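# Summary of the model geometry
Listed below are the residues making up each chain.
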Amino acid sequence: MAMPIPHRDLSKSNAQFQRAVKRLPLGVSSTFRYWGDDRTIYVHHGKGGRTWDIDGNNYVDYRLGYGPAILGYADDRVDEAARRGMEVGGVFALSTERELIVADRISKMVPAAELVRFSNSGTEAVMAALRLARAYTGRESYLLVEGGYHGLFDAAMWMSNMEEWDLGSNTDPELVPYGKGIPQTVKKLAHITPMNDFQRLEDVFARHGDTFAAMLIEPIQGNCCSIMAQAAYVQLARELCTKHGVMLIIDEVKSGFRVGKGGIQGIMGVTPDITTFAKAVANGYPISVVAGREEVMRTFRYGGASHGGTYTAHSVSLAAAEECLRILDETPALETLANYGERLKAGISDILNARKIVHSYTGHPSMFGLFFAETPPDNYRDWKTSDYSFYDQMAYYLHDLGVICEPDSREPWFMCEAHGLDETCLTDTLKAVDMAVDLTLQHIEDTAAE
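Below is a short write-up of the structure. Just so you know, these numbers come straight off a predicted model, no measurement behind them.

Within a regular strand, the side chains alternate between the two sheet faces. When you tally the buried positions in strand 13 (residues 360-364), you get four out of five residues, the bulk of the element. Pairing geometry for strand 13 and strand 14 (residues 367-371), over five bridges, is antiparallel. The residue of strand 14 that forms the bridge with His364 is Met367. Two successive antiparallel strands, strand 13 and strand 14, enclose a turn made up of two residues.

As structure tokens, then:
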């Protein structure tokens, strides 16, 4: 007998969308929040590992704002610290003592962060990091890794065009922008190489290494299912950058202070010249970090690389960061959320194995990707040519069953400490996954019969 298709009431969200779309493009303030005219949700509030929309639907949330809510939404400890930050007075475009306190904590947790500067978003941090690399080296071009995401600014918004690439070709895919409005003149400075292809990395450095200001890499690709670089690949990148005088920028906007106190660079044993952090620094309050070698970071000066911003090191965000980083550094929070991720993966595997559905995982238990293949892809090209239709359909049903993950397979599932402290998060999620898998199998069967 066919299973009934789940339904949730989105009448208030749909009505809000119809009002909002008249004033906001796509009815939202970020294109990635638009999930369709009748599927876009508007949040009422969040607490712990859960989100409630304006229709009263309650979701176990594995997006967590793309990762920032590492302790959970509205964490009492961090929010109390933020309120103390409000008492400082907001923004002065002057410095406060707390900047050094937070910078000291970051340097303690991440040895590569000898000197620290603050910004407001991951995009801003990476923009500043690339500018710093160019100022220090006197070069302009740079190397990206396929599948990496470094924010919404022109220099970073280039990707390999897999849709129009002949798989049997001996040539690489064409480098194309993410969207319109990005000048083609920027393209001449950008180079790109596949993840985990050691020979190709050596080849591109042999041809262009002496012209690169920087190589940018996410060792865990936060917008590509948490596909991971092999540690040896990142170590080779470090060696080649050193050989050619190139700044190695490890982008830990999503992985930093999440996969470990010292980030993925600590796990892999690689020291970058420059590193960036953002999402997990302050449990959702807007702040980001550019950090690195003292000699390089001192290039931020008059007559050197410019860096600033009216809202950098805002008193509220800094106070939240101080408390969030203290919790991550001094309590078992990271262990709690990683253990939850392992339990969640095991529970999902039990459901899939019972139905003999082949699957695998990528990434770290605190931010993992799920694939319906025996071996997960370890680079963007393999992911783009893989079949992720089962995942996309399952995610569609999960939303209706009270679990939020990204509607397609690009974004990892993010864990927070609150998930691990609330057993109902796990039981509710696995109940929903159990139903969503069966509904997806039914959908495939019905589609094949048409």
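Following both chains from N to C, one finds helix 12 (residues 389-400) and helix 14 (residues 423-449) inclined at 125°, their axes separated by 8 Å at the closest point. Compared by their axis directions, helix 12 and helix 14 come out oblique. The crossing of helix 12 and helix 14 is right-handed. The segment helix 12 lies against helix 14, with Phe390, Gln393, Met394, Tyr397 and Leu398 engaging Ala432, Val433, Ala436, Val437, Leu439, Thr440, Leu441, His443 and Ile444.

Another aspect to go through is the nonpolar core. Core analysis: the largest hydrophobic core is formed by 62 residues, its most contacted members being Ile106, Phe118, Phe257, Leu328, Leu344, Leu398 and Trp413. In contact with Phe118, other than residues within four places in its own chain, are Glu99, Val102, Ala103, Ile106, Ile287, Ser288, Val289, His307, Thr312, Ala313 and Leu318. Membership of the second largest hydrophobic core comes to 38 residues, among which are Cys224, Val234, Leu236 and Met268.

Below, the discussion takes up the pattern of salt bridges. For the coordinates displayed, the defined rule picks out 31 salt bridges. Residue Glu174 pairs with Lys187 through a salt bridge whose shortest N-O separation is 3.6 Å. One end of the pair, Glu174, is in the loop between strand 6 (158-160) and strand 7 (175-177); the other, Lys187, is in the loop between strand 7 and strand 8 (190-193), and 13 residues separate them in sequence. A relative accessible area of 46% means that Glu174 is categorised as partly exposed. Residue class for Lys187 comes out partly exposed when judged on its relative accessible area of 24%. Each member of the salt-bridge network shares a partner with another, and the members are Arg105, Lys108, Lys261, Glu323, Arg326, Asp329 and Glu330.

In this section: the state of the cysteines. Counted according to the given criterion, the structure contains zero disulfides. Unpaired in terms of disulfides, Cys225 finds its nearest cysteine sulfur in Cys224, a separation of 4.5 Å. Residue class for Cys225 comes out buried when judged on its relative accessible area of 1%. With no disulfide partner, Cys324 has as its closest neighbouring cysteine sulfur the one in Cys416, 11 Å distant. Take Cys324: its relative accessible area is 0%, and that puts it in the buried class.

Turning our attention to the pairing of strand 5 (residues 141-145). Burial runs high along strand 5: five of the five residues are buried. Side chains Ser141, Leu143 and Val145 project from strand 5 onto one buried face, and the interleaved Tyr142 and Leu144 project onto a second face that is buried too. By the bridge criterion, four bridges tie strand 5 to strand 8 in an arrangement that is parallel. In the sheet register, Leu143 faces strand 8, and the bridge partner there is His191.

The next thing to look at is the environment of Glu163. Topologically, Glu163 is positioned in the loop between strand 6 and strand 7. Expressed as a C-alpha distance, the spacing of Glu163 and Thr385, which sit 222 residues apart in the sequence, is 9.1 Å.

Orientation of helix 10 (residues 333-354) relative to helix 14, taken along the N-to-C sense of each, is 25°, at an axis distance of 10 Å. With respect to helix 14, the axis of helix 10 lies roughly parallel. The handedness of the crossing between helix 10 and helix 14 is right-handed. Residues Tyr340, Arg343, Leu344, Gly347, Ile348, Ile351 and Leu352 of helix 10 form the contact with helix 14, whose participating residues are Glu423, Cys425, Leu426, Thr429, Leu430, Val433, Asp434 and Val437.

Spacing of three or four residues puts side chains on the same side of an α-helix, whose turn is 3.6 residues. For helix 14, with 27 residues, the first-to-last C-alpha span of 40 Å sits near the 39 Å given by 1.5 Å per residue. For helix 14, the full list of buried residues reads Cys425, Leu426, Thr429, Ala432, Val433, Ala436, Val437, Leu439, Thr440 and Gln442.

Let's shift gears to the sheet that holds strand 10 (residues 247-252). Across the sheet, which stays open at both edges, the seven strands sit in the order 4-12-11-10-9-5-8 with mixed pairing between neighbours. Of all strands in the sheet, those bounded by a partner on one side alone are strand 4 (115-119) and strand 8. Strand-to-strand twist in this sheet, taken as the mean axis angle between neighbours without regard to direction, amounts to 20°. One ladder, built from three bridges, connects strand 5 with strand 9 (residues 212-217); its direction is parallel. Within strand 9, the residue paired with Ser141 across the bridge is Phe212. Each of strand 5, strand 8, strand 9 and strand 10 touches helix 6 (residues 231-244); the most contacted strand, strand 9, lies at about 170° to it.

Strand pairing in a sheet relies on backbone hydrogen bonds, with the paired strands running either antiparallel or parallel. The four strands lie next to each other as 1-2-3-15, forming an open sheet whose pairing is mixed. The sheet is open, and its two borders are formed by strand 1 (43-47) and strand 15 (403-404), each paired with just one other strand.

A word on the packing of aromatic side chains. Applying the stated criterion to the full structure yields 12 aromatic pairs. Summarising the aromatic geometry, the rings of Phe198 and Tyr233 are spaced 5.6 Å apart at their centres and angled 80° between planes, so their arrangement reads as edge-to-face. In this pair, Phe198 sits in helix 5 (residues 198-208) while Tyr233 sits in helix 6, placing the two residues 35 residues apart along the sequence. When its relative accessible area of 28% is taken as the criterion, Phe198 is described as partly exposed. With a centroid separation of 4.4 Å and 45° between ring planes, the pair formed by Phe372 and Phe390 is classed as tilted. With Phe372 in the loop between strand 14 and helix 11 (380-384) and Phe390 in helix 12, this residue pair connects regions lying 18 residues apart in the sequence. One exposure class covers both Phe372 and Phe390, and it is buried. Through pairs of rings, three or more aromatic residues link up here, namely Tyr62, Tyr361, Phe368 and Trp413. Lying over the aromatic face of Tyr396, Arg39 brings its terminal NZ or CZ to 3.8 Å of the ring centre.

Scoring rules and cut-offs
- Residues numbered from 1 in each chain as written.
- Predicted model: local features only at pLDDT ≥ 70, side-chain atom pairs only at ≥ 80, totals over all residues.
- Heavy atoms only, no water.
- Buried < 20%, exposed > 50% of the residue type's maximum accessible area, 1.4 Å probe, protein only.
- Helix = DSSP H or I, 4+ residues; strand = E, 2+ residues; numbered from the N terminus.
- Pairing = 2+ DSSP bridges.
- Axes fitted to C-alpha atoms, helices over the stretch in contact; angles between N-to-C directions.
- Parallel < 35°, antiparallel > 145°, perpendicular 65-115°, else oblique.
- Left-handed = near helix turned anticlockwise from the far one by under 90°.
- Contact = heavy atoms within 4.5 Å.
- Core = buried A, V, L, I, M, F, W, Y, C linked by side-chain atoms within 4.5 Å.
- Salt bridge = Lys/Arg side-chain N within 4 Å of Asp/Glu carboxyl O.
- Disulfide = S-S within 2.5 Å.
- Expected span 1.5 Å × (residues − 1).
- Phe/Tyr/Trp six-rings, centres within 6.5 Å; stacked < 30°, edge-to-face > 60°.
- Lys NZ or Arg CZ within 6 Å of the ring centre and 35° of its normal.

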